[in-house]
Amino acid sequence: MADSGSKVEKIKKPGYHIRPKYDLHGLRRRRTDNSKGHISAELPLTAMIDLFSSLVIFLLMNFSATGDAFFMSRPGIVLPSAGKTISMESAPLISYQNGAFFLDALKPEGGQIRLEDRSDNLQNIVAALKSLQDEIKRKAPKEFNGQLNVQADENTQLLYIKRAMGAGTSAGWTSINFVVTPKGQ
């Protein structure tokens, strides 16, 4: 007990007394004290603008409406160069590499055909091209133009190119284009 002449001090309830080294300018106080205003979140707009600008530039650099060969070429294939070229249209692609023929095509209803054939007469590729032609004609008969792209390394023997062309023509794909790089690239 205290003397009658001394002052009696009240015991204060301790508050939050552990403070970090950096208090972020009273963030803890603003979060708990509702009478002084609202917390507003700020968007990092500069970082978002930089991100979307980079994304747009990336998409513009990698977009090709003509289906350039760098999107289609398989690793290890060196395309032959040609002095006179035309821009390619999207069409089924038959590639030859290391003793195997590959068919890459888009189906009209969506989806993709990826097929590998090591046979001499390419019977699997011929069957796939015939069924693709039937699907295209069934969906839109006037859209089938019989266009086929053939791709091979510049040192590929002519025999293998002829096999790919023969498979295409026997399946009804008679307009054959060769994937090349323009001279000087």
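Just above, that's the structure.
Notes on the structure follow. Predicted model only: the values in this text are computed from it and were never measured.

A short note on a nonpolar patch on the surface
- A contiguous nonpolar patch, built from Leu43, Leu45, Met48, Ile49, Leu51, Phe52, Leu55, Phe58 and Leu59 and spanning about 940 Å² of accessible area, is present on the exposed surface.
- Along the chain, leucine 51 turns up in helix H2 (residues 45–62).

What about the nonpolar core?
- Within the largest apolar cluster, 23 residues are counted, with the highest numbers of intra-cluster contacts made by Ile94, Phe101, Leu103, Ile125, Leu129, Leu132 and Trp173.
- When residues of this core are traced back to their parent elements, those giving at least two are strand E2 (93–97), strand E3 (100–106), helix H4 (123–139), strand E5 (147–152) and helix H5 (158–170).
- Top contributing element to this core by residue count: H4, with six residues.
- Other than its neighbours up to four places away in sequence, leucine 132 contacts Pro92, Ala105, Leu106, Lys107, Pro108, Ile113 and Trp173.
- With five residues, the next largest nonpolar core counts Ile77, Met88, Leu93 and Val179 among its residues.

Quick look at the packing of aromatic side chains
- A full pass over the atoms with the stated rule returns three aromatic pairs.
- Considering the side-chain rings of tyrosine 96 and phenylalanine 101, the 4.8 Å spacing of their centres and the 50° angle between planes classify their relative orientation as tilted.
- Since its relative accessible area comes to 2%, phenylalanine 101 is described here as buried.
- Aromatic pair tyrosine 96 and tyrosine 160: ring centres 4.5 Å apart, planes at 10°, arrangement stacked. One end of the pair, tyrosine 96, is in strand E2; the other, tyrosine 160, is in helix H5, with 64 residues separating them in the sequence.
- Taking relative accessible area as the criterion, tyrosine 96 reaches 11% and is therefore assigned buried.
- The structure contains a cluster of three or more aromatic residues connected by ring pairs, namely Tyr96, Phe101 and Tyr160.

What to know about the environment of arginine 138
- Summarising the element assignment, arginine 138 is placed in helix H4.
- Along the primary structure arginine 138 and proline 108 are separated by 30 residues, whereas in three dimensions their C-alpha atoms are 9.8 Å apart.

A closer look at the environment of isoleucine 125
- Position of isoleucine 125 among the secondary structure elements: in helix H4.
- With ten residues separating them in the primary sequence, isoleucine 125 and leucine 115 have C-alpha atoms 7.2 Å apart.

Points about the sheet that holds E2
- One open sheet accounts for five strands, arranged E4-E3-E2-E5-E6; its pairing is mixed. Edge positions in the sheet fall to strand E4 (112–117) and strand E6 (175–178), since each of these pairs with one other strand and no more. Each neighbouring strand pair of the sheet contributes to a mean axis angle of 20°, computed without reference to strand direction.
- Strand direction decides the pairing type here: E2 and E3, joined by five bridges, are antiparallel. Within the sheet, the bridge partner assigned to serine 95 lies in E3 and is phenylalanine 102.

Let's talk about the side chain of glutamine 133
- On the secondary structure map, glutamine 133 appears in helix H4.
- Not counting the four nearest positions on each side in its chain, glutamine 133 is found in contact with Phe144, Ala171, Gly172 and Trp173.

Notes on the pattern of salt bridges
- A full pass over the atoms with the stated rule returns three salt bridges.
- Arginine 118 is the partner of glutamate 116 in a salt bridge, and the nearest nitrogen-oxygen pair spans 3.0 Å.
- When the shortest N-O distance is used, the salt bridge between arginine 163 and aspartate 120 registers 3.6 Å. On the criterion of sequence distance, the pair formed by arginine 163 in helix H5 and aspartate 120 in the loop between E4 and H4 is long-range, its members being 43 residues apart.
- Since its relative accessible area comes to 26%, arginine 163 is described here as partly exposed.

Cut-off values and rules
- Going along each chain's sequence as written, the residues are numbered from 1 onward.
- Totals for whole chains, interfaces and linings use every residue, but because this is a predicted model, local features are given only for residues with pLDDT of at least 70 and side-chain atom pairs only at 80 or more, for both listing and counting.
- To get the side-chain values, take all heavy atoms of the structure and skip hydrogens and water.
- Patch members must show over 30% relative accessible area and no salt bridge, and they are joined within 9 Å when carrying like charges or within 5 Å when they are nonpolar side chains of Val, Leu, Ile, Met, Phe, Trp or Tyr.
- The accessible surface values rely on the Shrake-Rupley method and a 1.4 Å probe; as for residues, cover is taken only from the protein chains in view.
- Each salt bridge in this description consists of a side-chain nitrogen of Lys or Arg and a carboxyl oxygen of Asp or Glu lying within 4 Å of one another.
- Where helices and strands are cited, they refer to DSSP runs of H or I of at least four residues and of E of at least two residues respectively, numbered from the N terminus.
- In this text, buried Ala, Val, Leu, Ile, Met, Phe, Trp, Tyr and Cys residues form a nonpolar core when linked through side-chain atoms within 4.5 Å.
- Burial classes follow relative accessibility: with a 1.4 Å probe on protein chains only, a residue under 20% of its type's maximum area counts as buried, one over 50% as exposed, and anything between as partly exposed.
- The contact rule is simple, with two residues in contact once any of their heavy atoms fall within 4.5 Å.
- Two aromatic rings, drawn from Phe, Tyr or Trp (for Trp, its six-membered ring), form a pair once their centres lie within 6.5 Å of each other, and the interplanar angle then sorts them: stacked below 30 degrees, edge-to-face above 60, tilted otherwise.
- When DSSP finds two or more bridges between a pair of strands, those strands are recorded as paired.
- For helices, the fitted line uses only the C-alpha atoms of the stretch in contact; every axis is such a line through C-alpha atoms, and the angle between N-to-C directions lies from 0 to 180 degrees.

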